[in-house]
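Observations on the three-dimensional arrangement
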Amino acid sequence: MTDATVADRTAIPGSVLAELADAFGVGEVREPRHLADGLMNVNWKVDTPAGAFALKRVTDVSLDRLSRNLGILGALGEDSIPVSAPVTTTTGSLVAEVEGSVWCLFPWAAGAHVRGIDLSLTETASLGAHLGRLHLSLDRVCDRGLLPAVPDTVSADVTLPERAVEKSHRLSEAVVARGIGSAFDAAVSAALDHRRALITKHAHLRPQHGTPAGAHGWTHGDFQYRNLLWEGEELVAVLDWDRVGVRPYAEEVVRTAQVQFGVDGVFDLARVSAFVRGYRTVMLLDVTALVDGARRLWWKRMTDFWQLEFHYDRGDYSCDELFAADEALLHWWTDRLDQVEDAFTTG
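Residues numbered from 1 in each chain as written. Predicted model: local features only at pLDDT ≥ 70, side-chain atom pairs only at ≥ 80, totals over all residues. Heavy atoms only, no water.

With that out of the way, let us pick up the environment of Arg33. Note on placement: Arg33 falls in strand β1 (residues 30-35). Residue class for Arg33 comes out partly exposed when judged on its relative accessible area of 46%. If sequence neighbours within four positions are ignored, Arg33 has contacts with Asn43, Trp44 and Lys45. (Helix = DSSP H or I, 4+ residues; strand = E, 2+ residues; numbered from the N terminus. Buried < 20%, exposed > 50% of the residue type's maximum accessible area, 1.4 Å probe, protein only. Contact = heavy atoms within 4.5 Å.)

Here it is as structure tokens:
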């Protein structure tokens, strides 16, 4: 990413800051500081006469969905989930629209983002229990009518191998057409060749139908260390509620475990088991659902190229750093498919 691209993404014009300060009624904003932990949305810490706040520009969620999701945080907080309810605008809205962008503001929450492998096994199990309590609390919020009723069934797309190979070829062509001959372009070109071979070799192991196993309900959608704050051994804040949605519970458990404990190209399987064990002390989720969820996420990672689509289709390089790590983990995971799935069932 060029310096100009970074500046475009992280800088806020003074006129926008002034309009936001007026919209939220917090007084003059002093020296906004960009927070580098976010990937898709962009966040800043801002100091004002009314206190310190986290300012967020939301880039990939519709206004209606964002407003709905932010509207449940007060109820979750009343149910002992560690959340920060958003600041309302002077007109009572949970979001502000300024110069074509959507913004929300939260009281500043102290704490540290801790990678999954830096949690102790006890903290890891505690994190799993937190996710279980969050799922139960979202169910209660739904019962209160703050979220739509959960449908009787959910489905999940299973990408056909032919479709994934076709997409990989299109991206290989995009590397040639839109790349600049960088080291990243060269690595991507080689990785796409390897991915096509991997898809072809292991296509028979993909999920065979579109109905996930196990229970489903409202979920956070991005429960992982970039959106969690710890103070010592305590989880003190769950952030980033943009992606609240109905999903199989196993899908969120497995995805969280992958992002938390799939680090430096390998899974920390002991922590995967501890995390699942903690979750299952709160939420009953059978091993069939967990194995199904793990296999579905593996195939999704096998056939998904979203970081490259961001880079070559959108000109958005903010997620480039994830590609190499995810590619390494995919190869490690594929070589140990049964071993990884066993870790999800021994919790």
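The strand order β1-β2-β3-β5-β4 describes an open sheet built from 5 strands, whose pairing is antiparallel. The open sheet has two edge strands with one neighbour each: β1 and β4 (96-98). Across the sheet, the axes of successive neighbouring strands diverge by a mean angle of 30°, strand direction being ignored. Here strand β3 (residues 51-58) runs beside strand β5 (residues 101-107); their pairing, made up of 6 bridges, is antiparallel. Of the residues in β5, the one forming a bridge with Ala54 is Phe106. Contacts from helix α2 (residues 14-24) reach β1, β3, β4 and β5 within the one sheet, and its direction differs from that of β4 by about 155°. Its contacts with the sheet put helix α3 (residues 63-70) on β3, β4 and β5, and the angle it makes with β5 is roughly 10°. (Pairing = 2+ DSSP bridges. Axes fitted to C-alpha atoms, helices over the stretch in contact; angles between N-to-C directions.)

Right, let's get into empty space enclosed by the protein. Considering all chains together, one arrives at 2 cavities of 30 Å³ or more under this definition. In this structure, the largest cavity spans a volume of roughly 130 Å³. Looking at which element gives the most residues to the lining of the largest cavity, the answer is helix α12 (residues 320-335), with 6 residues. Residues of the lining of the largest cavity, tallied by class, amount to 5 nonpolar, 2 polar and 5 charged. Lining the second largest cavity, in full, are Leu17, Leu20, Ala21, Phe24, Val26, Val29, Val46, Leu55 and Leu105. When residues in the lining of the second largest cavity are grouped by element, the largest group, 4 residues, is from α2. Here the residues of the lining of the second largest cavity are counted per class, giving 9 nonpolar, no polar and no charged. (1 Å grid on protein atoms, 1.4 Å probe; cavity = no way out; pocket = protein on both sides within 12 Å on 5 of 7 lines; lining within 4 Å. Points joined across faces, edges and corners; volume = space filled by probe spheres on them. Nonpolar A, V, L, I, M, F, W, Y, C, P; charged D, E, K, R; others polar.)

Limitation: the analysis is restricted to geometry and does not speak to function.
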